[in-house]
Amino acid sequence: MGGVPVREISLKQMRFMKILVCLFVVILLIAGVIALIHRNSDMKDKIPVLSDIFSKYDEFILKRKITKNPYSSSGYYDLAYLYFKRGDIDKFETELKKALEVEPASIASYYSLAHHYETKLQLEKAVELYRVGVKYDTEYTLPFHWDIARVLYNLGRYEEALENYKEALKHIDSYKIINGKETIKKDVEENIKLLENKK
């Protein structure tokens, strides 16, 4: 009978195939462990070497995301947040500015950059960015007005601070955060009373 001749496998070839299968299994196991660690941020933060590796990997992925879609602010914002977590504040600020160049209505970028300037005690810049952000934001105006009022108070501009606290009070009921709403309302009302007594 005709047919395809069967080729015999030598002992050397069998050993080589066993080694390849074992290597493949080991690689799969390592990849699975790495994926598990990457998903569990607590674990990767406790192992500094892994934390650094994943941080660089995340940076690579985010830069690729920006390359693929350079006109979306989310890539720049996410990269800024990564730099913030690393403590690289200059790069954090740079990426937030890029996010705003690409998408001038990026509310999260305005808020983060304004807060950043506030921590650097560049209060006028912070107020300016909070004010621009509140113009774009129709849903979450409470935190913008609350922060504008707080910063203006620290600058000694009490009448403007009072106006913004009152504006914040108007938006408390429509604010979507459920937990802590009463605490926020109490704080805003106390600050309004304090500022009205300063008149």
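Residues numbered from 1 in each chain as written. Predicted model: local features only at pLDDT ≥ 70, side-chain atom pairs only at ≥ 80, totals over all residues. Heavy atoms only, no water.

**Student:** Any chance you could break down the overall build of the protein chain for me, citing the residues and the numbers?
**Tutor:** Across its full length, the protein chain holds 10 helices and 0 strands. Seen in sequence order, the protein chain has helices and strands lined up from the N terminus as α-α-α-α-α-α-α-α-α-α. Relative to its full complement of 199 residues, the protein chain shows a buried share of 31%. Roughly 13,800 Å² of accessible area belongs to the protein chain as shown, and the carbon and sulfur atoms make up 60% of that amount. (Helix = DSSP H or I, 4+ residues; strand = E, 2+ residues; numbered from the N terminus. Buried < 20%, exposed > 50% of the residue type's maximum accessible area, 1.4 Å probe, protein only. Areas by Shrake-Rupley, 256 points an atom, 1.4 Å probe, with all protein chains shown as cover.)

**Student:** Account for helix α10 (residues 181–198), naming residues and giving values.
**Tutor:** With 18 residues, α10 extends 26 Å from end C-alpha to end C-alpha; this agrees with the ideal 26 Å at 1.5 Å per step. What α10 keeps buried is the set Lys 181, Ile 184, Val 188, Asn 191, Ile 192 and Leu 195. The arc enclosing the buried residues of α10, seen along the axis, measures out at 105 degrees, which places them on a common side. Looking at α10, the residues exposed on the side facing more than 90 degrees away from the buried face are Glu 182, Thr 183, Lys 186, Lys 193 and Asn 197. Where the residues of α10 are buried, they touch α8 (141–154) and α9 (158–171). (Expected span 1.5 Å × (residues − 1). Arc of directions from axis to C-beta. Contact = heavy atoms within 4.5 Å.)

**Student:** Residue-level account of a nonpolar patch on the surface, with values.
**Tutor:** Residues Ile 9, Met 14, Phe 16, Met 17, Ile 19, Leu 20, Leu 23 and Ile 27 make up a contiguous nonpolar surface patch of roughly 800 Å² in combined accessible area. Tracing the sequence through the fold places Met 14 in helix α1 (residues 11–39). The exposure class of Met 14 is partly exposed, given its relative accessible area of 41%. (Patch = residues over 30% accessible without salt bridge, like charges linked within 9 Å, V, L, I, M, F, W, Y side chains within 5 Å. Salt bridge = Lys/Arg side-chain N within 4 Å of Asp/Glu carboxyl O.)

**Student:** Run through the packing of aromatic side chains, naming residues and quoting values.
**Tutor:** This structure, assessed with the given rule, holds 6 aromatic pairs. Look at Tyr 111 and Phe 144: their rings are 5.3 Å apart centre to centre, the planes differ by 85 degrees, and that puts the pair in the edge-to-face class. With Tyr 111 in helix α6 (residues 107–119) and Phe 144 in helix α8, this residue pair connects regions lying 33 residues apart in the sequence. By relative accessible area, Tyr 111 is classed as partly exposed at 28%. Of the aromatic side chains, those joined through ring pairs into one cluster are Tyr 111, Tyr 130 and Phe 144. (Phe/Tyr/Trp six-rings, centres within 6.5 Å; stacked < 30°, edge-to-face > 60°.)

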